[in-house]
Every structure is written in C-alpha cells, then in structure tokens.
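For reference, the chains in residue letters:
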Amino acid sequence: METLRGIIPNVLTETVEFTKSCPSKWKCDKCGVITSTLWRSSSSTITTNGYGHMNGNSSISSVPSTSSSSLIPYCAHRFCGQCLETIFVGVHTVGKCPLDTVTLHKKQTIETVANVDNILSQEVYCSHKSRGCRKTMLLSELENHLKSCLYGLVHCPLKCGQGVTIKSLPNHMATECPRRVISCNYCEEDIVLESKNEHENVCPKKPVICNYCKNKTLLRGELKEHLERCDLKPRNCRLIPLGCKFSGTQLEVDKHESEWTTHMDIFLKNLLQTGTITQDKPKNRLADVVNIVKNLNAENAELMDRVNELSEKVDKLEQTNRKLSDRVNKYETIQKADIASIRTVIELMRKELENFKLEFARTREEDEESEV
C-alpha cells in the first residue's frame with residue numbers, strides 16, 4: 001500500500017495499492033509518501049579558510065579544485081516538503097539527514113518535480129479491495145470509481161450506528177439491522193427489533209402464569225380481571241381499618257368474616273376509642289356495631305365499584321395509547337428506510353450514468369483516432 005499526497009485531483013491524501021511496484025524515485029525516503037515534488041541535496045564544494053571555517057562561497061563540483069576547499073559529503077536521499085521541515089526547523093539552514101546523519105545545507109537542496117501524468121497512468125486496485133472489490137483501473141480513474149463502488153461504506157439509514165457496504169445494505173436492513181421492523185410473536189403487530197423485549201413485557205397477548213393458582217392459559221391482558229376473582233389470591237379482612245389483621249384466600253376470608261363473634265372485641269375497642277358509644281349505654285352496643293358495619297360495607301362496595309370502573313377506563317386508554325405509539329413508530333421507521341433506500345439507488349444510478357457517459361466518450365474518441 002502506498003500513500004499519495006496531492007496526486008489525485010480534489011483528494012488531499014489517499015492510500016492505494018499499485019498492481020506493479022512503483023519506482024522509488026517517486027517516494028520520500030523518510031515517510032514513503034508519493035508526492036509531485038521532492039527535495040534532495042546536491043554535491044558541492046565550499047572553500048574554507050585556514051581555520052576550517054566556510055567562507056560562504058559554494059559551487060557545484062564533484063572534485064575539489066584546490067587544497068583550500070573540501071568536498072561536502074553527498075546525501076542522495078529524497079524528502080517531501082513535510083519531512084524537509086523536520087530537518088530544517090524554523091530558521092535553521094543546517095541540519096542532518098535522519099537516515100545517514102550527513103550534514104545538509106538548506107541552500108544546497110534542489111527541487112525535483114515528478115511527472116504526475118506518469119503516476120496517474122499507473123494501474124491500481126480499488127481502495128475497497130479488502131471488502132471485496134476486485135476491479136483495477138488507472139490511478140486517474142480511481143476517484144470516479146470510488147464514487148459509485150458498491151463496496152464503499154455507508155451509514156445504515158435506520159440509524160443503527162453500523163457502517164455497511166452499499167452492496168450489502170439491502171440485506172443488512174432486511175435481516176441484520178437491530179432496528180429493522182419485525183412482527184411480534186404474540187400479537188403480530190410490527191415492532192422494532194431492538195424494542196422486542198420491551199414490547200413483550202407489556203404485550204397483552206403474551207401468555208402469563210398466575211402466581212397464586214398457577215393457571216397457564218392466561219394472557220397478560222386477562223391477568224388483572226383474573227386476579228380479581230382468583231380464589232387463591234391472598235385477601236385481607238374488610239375490617240382491617242378497625243384493626244383486624246386476618247389474611248387468607250377468598251374462601252378463608254368469607255368464612256372469617258361470617259363469624260361476627262371474632263370481631264366483637266375489635267368493634268367495642270374501636271367504638272370506645274372514637275366515642276361513638278359509651279360504657280353508659282351497654283344495651284345499645286350491638287345495634288351501634290351493626291349500623292357501623294352496614295355503613296362501612298356500603299361505602300366500601302361503592303368505592304370498589306368506582307375504583308374498578310376507573311381502572312378499566314385507565315387500562316383502555318393505556319392500551320389505545322400504546323397501540324397508537326407503536327403504529328406511529330412503525331410508520332416512521334418504514335418511511336425513513338424507504339426514503340433512504342430510494343436516495344441510495346438514485347445516487348448509484350446517477351453515478352453509473354456518469355461513468356457510462358465517460359466510458360462512451362472515451363470509446364468514441366478511440367474509434368475516431370483508429371479511423372484516422
């Protein structure tokens with residue numbers, strides 16, 4: 001793999017693989033980048049005084065002319081502009097070659113300009129070769145090819161966060177994307193895959209088991225109604241406000257509440273504490289107790305009816321809201337996926353048409369040249 005800098009039009013840097021090895025004269029000897037302009041040192045002589053210091057005059061020569069001049073060691077390495085800046089830092093004009101430590105003088109470096117057309121005429125593999133593209137082309141054609149290559153990476157339109165190739169995008173959206181739409185196994189409504197567990201936790205048609213009677217034929221939407229009449233669900237005595245702590249199944253509570261003698265002490269204690277009756281009227285205690293119990297039972301029944309009525313309305317509203325929310329999410333997801341797919345297809349067709357026009361024009365020119 002080779003790194004290009006400023007070779008491909010409109011592309012600053014690009015990593016490519018040539019089908020054949022490229023000449024070393026195109027590369028920077030330090031970083032290996034292929035660029036249009038390289039700098040190298042030239043051999044030169046600089047006259048020195050008797051103390052070994054340079055007088056400042058230099059001339060290009062391969063052999064020293066006098067005994068008062070010395071040949072500066074020649075460095076044949078080539079450097080790109082960025083690597084040259086690391087050798088001559090800031091305002092320094094003298095540095096050392098990072099490869100052989102030969103002293104370099106900035107004023108003795110010469111610029112070499114490569115034939116960019118020659119580089120662009122080399123054959124290269126597609127940059128997406130590792131993902132399956134086996135096409136080869138001239139380096140000058142690589143930029144246009146990458147615009148329509150089916151092995152280029154794109155973001156999933158369903159926003160799952162994954163990058164997939166254009167070629168595998170339809171299969172990804174249909175079978176692999178965690179945000180694809182699927183059908184619920186219980187209610188058969190369309191849901192997003194990643195919200196499957198959340199949906200199944202509230203799905204009214206998912207089978208559930210009563211924790212008390214272990215009934216396995218229930219659906220979640222039927223569970224609340226079942227619990228209201230489940231014989232094995234624990235219940236409290238209705239006189240719990242007065243201090244009764246009895247709890248048991250419906251049958252056990254009914255039997256317990258039918259034994260009024262077990263509640264006499266509770267009634268009397270409550271009535272004496274609240275002042276409803278006093279110890280001066282022992283003959284009226286039973287009548288007062290009966291009246292209180294009747295009133296409590298009537299109020300309790302009325303409140304239970306109202307609670308049940310409100311609970312049913314709340315359940316219906318929650319179910320309706322849940323269905324509407326799921327439906328909106330479904331339509332939004334499908335609409336976004338369809339729009340993204342259509343845009344991708346249109347863009348690919350546009351790029352293929354452009355490539356076809358270029359290929360047609362090139363073929364036509366070649367035919368005209370052959371006729372001449």
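The structure reproduced in this document is the subject of the present report.

Conventions we followed
- Residues numbered from 1 in each chain as written.
- Predicted model: local features only at pLDDT ≥ 70, side-chain atom pairs only at ≥ 80, totals over all residues.
- Heavy atoms only, no water.
- Patch = residues over 30% accessible without salt bridge, like charges linked within 9 Å, V, L, I, M, F, W, Y side chains within 5 Å.
- Areas by Shrake-Rupley, 256 points an atom, 1.4 Å probe, with all protein chains shown as cover.
- Salt bridge = Lys/Arg side-chain N within 4 Å of Asp/Glu carboxyl O.
- Helix = DSSP H or I, 4+ residues; strand = E, 2+ residues; numbered from the N terminus.
- Buried < 20%, exposed > 50% of the residue type's maximum accessible area, 1.4 Å probe, protein only.
- Pairing = 2+ DSSP bridges.
- Arc of directions from axis to C-beta.
- Contact = heavy atoms within 4.5 Å.
- Core = buried A, V, L, I, M, F, W, Y, C linked by side-chain atoms within 4.5 Å.
- Lys, Arg positive; Asp, Glu negative; His and termini not counted.
- Phe/Tyr/Trp six-rings, centres within 6.5 Å; stacked < 30°, edge-to-face > 60°.
- Lys NZ or Arg CZ within 6 Å of the ring centre and 35° of its normal.
- Charge placed at Lys NZ, Arg CZ, Asp CG, Glu CD.
- Polar contact = N/O pair within 3.5 Å; in protein donor to acceptor, adjacent residues only side chain to side chain.

### Focus on a nonpolar patch on the surface
Here's step 1: Nonpolar side chains collect at one region of the surface, where Leu 353, Phe 356 and Phe 360 lie side by side and expose about 340 Å² of accessible area between them.
Here's step 2: Locating Leu 353 in the fold gives a position in helix α9 (residues 285–371).
Here's step 3: Look at Leu 353 and you get partly exposed, because its relative accessible area is 45%.

### Concerning the sheet that holds strand β4 (residues 37–41)
Here's step 1: Within the open sheet, the three strands sit side by side as β8-β4-β11. Their pairing is antiparallel. Here the strands that pair on one side only, and so sit at the sheet edges, are β8 (78–79) and β11 (109–113).
Here's step 2: Two elements, β4 and β11, share five bridges in a ladder whose sense is antiparallel. Across the sheet, the residue bridging to Trp 39 is Glu 111, located in β11.

### Focus on helix α7 (residues 250–258)
Here's step 1: Along α7, the residues classified as buried are Val 253, His 256 and Glu 257. All buried residues of α7 fall inside an arc of 95° around its axis, so they share one side. Opposite its buried face, α7 presents the exposed residues Leu 251 and Lys 255, each directed more than 90 degrees away.
Here's step 2: Tucked into the core, α7 has its buried residues touching β20 (235–236) and β21 (247–248).

### Some remarks on the sheet that holds strand β2 (residues 13–16)
Each strand in a sheet pairs with another by means of backbone hydrogen bonds, the pair being arranged parallel or else antiparallel.
Here's step 1: Read from one edge of the open sheet, three strands run β2-β1-β3, paired in mixed fashion. The open sheet has two edge strands with one neighbour each: β2 and β3 (34–35).
Here's step 2: Bridge count between strand β1 (residues 2–5) and β2: four bridges; the pairing is antiparallel. Each residue of the ladder has a partner; that of Glu 2, found in β2, is Val 16.

### Structural notes on the nonpolar core
Here's step 1: Membership of the largest hydrophobic core comes to 18 residues, with the highest contact counts inside it found for Leu 4, Val 16, Phe 18, Ile 34 and Leu 139.
Here's step 2: Setting aside chain neighbours within four positions, we find Ile 34 in contact with Glu 2, Thr 3, Leu 4, Arg 5, Ile 7, Phe 18, Cys 22, Trp 26, Lys 27 and Ile 119.
Here's step 3: Val 33, Ile 87, Phe 88 and Val 102 belong to the second-largest nonpolar core, a separate cluster that totals 13 residues.

### Details of the pairing of β4
Here's step 1: Where β4 lies against β8, two bridges are found, and the strand directions are antiparallel. Bridge pairing in β8 places Arg 40 opposite Arg 78.

### As for the side chain of Glu 200
Here's step 1: Here Glu 200 lies in helix α5 (residues 196–200).
Here's step 2: Lacking a salt bridge, the buried Glu 200 has Lys 196 as its closest oppositely charged neighbour, with an N-O distance of 4.2 Å.
Here's step 3: Look past the residues within four positions of Glu 200 in its chain and what remains in contact with it is Asn 185, Tyr 186, Lys 206 and Arg 220.

### With respect to the packing of aromatic side chains
Here's step 1: Evaluated as defined, the whole model comprises zero aromatic pairs.
Here's step 2: Here the guanidinium or amino end of Lys 129 rests over the ring plane of Tyr 125, the centre of that ring lying 4.0 Å away.

### Comments concerning a negative patch on the surface
Here's step 1: On the surface, a cluster of negative charge is contributed by Glu 365, Glu 366, Asp 367, Glu 369 and Glu 371.
Here's step 2: Taking relative accessible area as the criterion, Asp 367 reaches 41% and is therefore assigned partly exposed.

### Examining the environment of Lys 129
Here's step 1: If you trace the backbone, Lys 129 turns up in the loop between β12 (123–125) and β13 (136–138).
Here's step 2: Relative accessible area serves as the criterion here: at 27%, Lys 129 is assigned to the partly exposed category.
Here's step 3: Along the chain, Lys 129 and Val 16 lie 113 residues apart, while their C-alpha atoms are 9.9 Å from each other.
Here's step 4: One polar contact links Lys 129 to Glu 17, side chain to side chain, over a distance of 3.4 Å.

### Some thoughts on the environment of Asn 355
Here's step 1: Relative to the helices and strands, Asn 355 is located in helix α9.
Here's step 2: The class of Asn 355 is partly exposed, set by a relative accessible area of 22%.
Here's step 3: Note: C-alpha distance between Asn 355 and Lys 147 (208 residues apart in sequence) is 9.8 Å.
Here's step 4: Side-chain polar atoms of Asn 355 contact the side chain of Ser 148, separated by 2.8 Å.

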